[in-house]
Amino acid sequence: MAYVFPRPAQYYGKVVKKEYLNNKTIKLDIVSEKPEKFFFFPGQFINLKVNQFIYRPYSIASYIDRLPIISIILTVAHEGLGSNYVKSLNIGDPVSFIGPSGRFVLPDELYKYLLFLVTGTGLAPILPMLQQLTELKTNSEIELYVGFRNEDDIFEESFLKSCESKLKNFKYHICISQPSQKWAGFQGRITDFYKIIDIENTQCFICGNPEMVTEVIERLKLMGINKTRIFHEKFVLFGK
Ligand SMILES: Cc1cc2nc3c(=O)[nH]c(=O)nc-3n(C[C@H](O)[C@H](O)[C@H](O)COP(=O)(O)OP(=O)(O)OC[C@H]3O[C@@H](n4cnc5c(N)ncnc54)[C@H](O)[C@@H]3O)c2cc1C
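Just so you know, these numbers come straight off a predicted model, no measurement behind them.

**Quick look at the domain arrangement of the chain**
Under the domain assignment used here, the chain contains domain 1 (9-101) and domain 2 (113-234). Placing the centre of domain 1 and that of domain 2 at their C-alpha centroids yields a distance of 23 Å. Taken together, the contacts link 17 residues of domain 1 with 15 residues of domain 2. Together, the buried faces of domain 1 and domain 2 total about 1400 Å²; carbon and sulfur atoms form 55% of this surface. Considering only the surface of domain 1 that becomes buried against domain 2, P42, Y63 and I73 emerge as the three largest contributors, covering 37% of it. Our count for the contact surface shared by domain 1 and domain 2 stands at two salt bridges. Between K24 and D153 there is a salt bridge, and its shortest N-O distance comes to 3.3 Å. Seen at the junction of domain 1 and domain 2, the total is five residue pairs in polar contact (both at pLDDT 80 or more). Breaking the side of domain 1 that touches domain 2 down by element, the ones donating at least two residues are β1 (9-22), β2 (25-34) and β5 (69-75). The residue makeup of the side of domain 1 that touches domain 2, split by class, is eight nonpolar, six polar and three charged.

**Structural notes on the layout of surface pockets**
Estimates place the volume of the largest pocket at around 1400 Å³. As for the largest pocket, its lining consists of 45 residues, of which T75, T121, N209, F235 and L237 are closest to the centre. If you list the elements that add at least two residues to the lining of the largest pocket, you get β4 (55-59), β5, α1 (81-88), β8 (141-148), α4 (210-223) and β12 (230-234). For the lining of the largest pocket, the element with the most residues is β4, which contributes four residues. Along the lines of polarity and charge, the residues of the lining of the largest pocket split into 18 nonpolar, 18 polar and nine charged. When residues of the lining of the largest pocket are assigned to domains, at least three fall in each of domain 1 (9-101) and domain 2 (113-234). Considering only enclosed or pocket space, the second largest pocket measures out at about 190 Å³ in volume. Taken together, Y113, L114, L115, E141, I142, E143, N169, K171, K195, I196, I197 and T202 form the lining of the second largest pocket. Residue composition of the lining of the second largest pocket, grouped by class: six nonpolar, two polar and four charged.

Calculation criteria
- Residue positions within a chain follow its written sequence, with the count starting from 1.
- Two thresholds apply to this predicted model, a pLDDT of at least 70 for residue-level local features and 80 or more for giving and counting side-chain atom pairs, whereas whole-chain, interface and lining totals are computed over all residues.
- Hydrogens and water are ignored here; the side-chain numbers use all heavy atoms of the structure.
- An automatic or database domain assignment supplies the start and end points of every domain.
- Should any heavy atoms of two residues lie within 4.5 Å, those residues are counted as being in contact.
- For any pair of parts, buried area is found by adding up, for both, the accessible area (1.4 Å probe) each one loses once the two are put together.
- Between Lys or Arg on one side and Asp or Glu on the other, a salt bridge is scored when a side-chain nitrogen of the former is within 4 Å of a carboxyl oxygen of the latter.
- Pairing of N or O atoms within 3.5 Å defines a polar contact, subject to two protein rules: one partner must be a possible hydrogen donor and the other a possible acceptor, and residues neighboring in sequence count only if both atoms are side-chain atoms.
- Helix numbering and strand numbering both begin at the N terminus, where a helix is a DSSP run of H or I of at least 4 residues and a strand a DSSP run of E of at least 2.
- Here the term charged refers only to Asp, Glu, Lys and Arg, the term nonpolar to Ala, Val, Leu, Ile, Met, Phe, Trp, Tyr, Cys and Pro, and the term polar to all other amino acids, Gly among them.
- With a 1 Å grid spanning the protein atoms alone, the term cavity applies to any set of points in which a 1.4 Å probe fits but cannot get out, the term pocket to an open set with protein on both sides within 12 Å along at least five of seven lines, and the term lining residue to any residue with an atom within 4 Å of a point.
- Grid points are joined across faces, edges and corners, and a volume is the space filled by probe spheres set on the points.

Here is the structure:
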């Protein structure tokens, strides 16, 4: 599939659902109403208007089959213009955004091994990508490592479980860096666990914390992965 990226434009819509996935993560569903049909490719993001002049980027966490509804999943643990704005929104409130933006999408040619490495809400753009991979009926072997600080931060695990049954050759691993005593899964950072079986036949997709993304890219390059096979999105923090 060759991508013809839609030009980003200003869209207007309203909130149709707002859900706390855990005590610091909100999933917001927006229906895009004007001026025309909104379209995007899985992995792209929107810039949500959070006050008269300011926008914040959030990846689209839903698949195209839900259009004109799009979801975003965001951290709201900090005091920020974006997080406070989304916390204040109610069902039916008008919203506006510019999009779609970004080039963090699945490449036309998929290799035998696809390795996804994400932290926190960096999982958001991967969710529609997994649905795209399911539709493509890919034969690639797909492994996803998701890093959270503690178990309470985990979200959308039921979706990942459903992907394990729908998407053949898909496995996911949750890594907790500061687990409680009862956590029996991977303990540590995702960078402690992932393995590359076949360097020549692996594509890597990295998303989330900017320091993690930079560190992983450097490591992958040292391992011999060509940079054309590394796809990434850094969730740069604004407002600093
Ligand atoms: C392309 C792209 C896509 C993104 N997609 C997502 C997404 O899908 N979900 C998502 O949650 N984020 C995403 N981000 C990151 C998000 O845009 C930033 O975290 C943004 O700064 C949040 O804006 P804010 O107004 O809430 O906080 P700001 O006003 O920007 O910051 C206020 C304070 O909070 C701190 N802060 C900001 N964000 C965080 C955070 N996440 N954790 C801890 N402290 C923080 C800042 O350093 C600052 O001190 C994305 C970023 C990019 C570049």
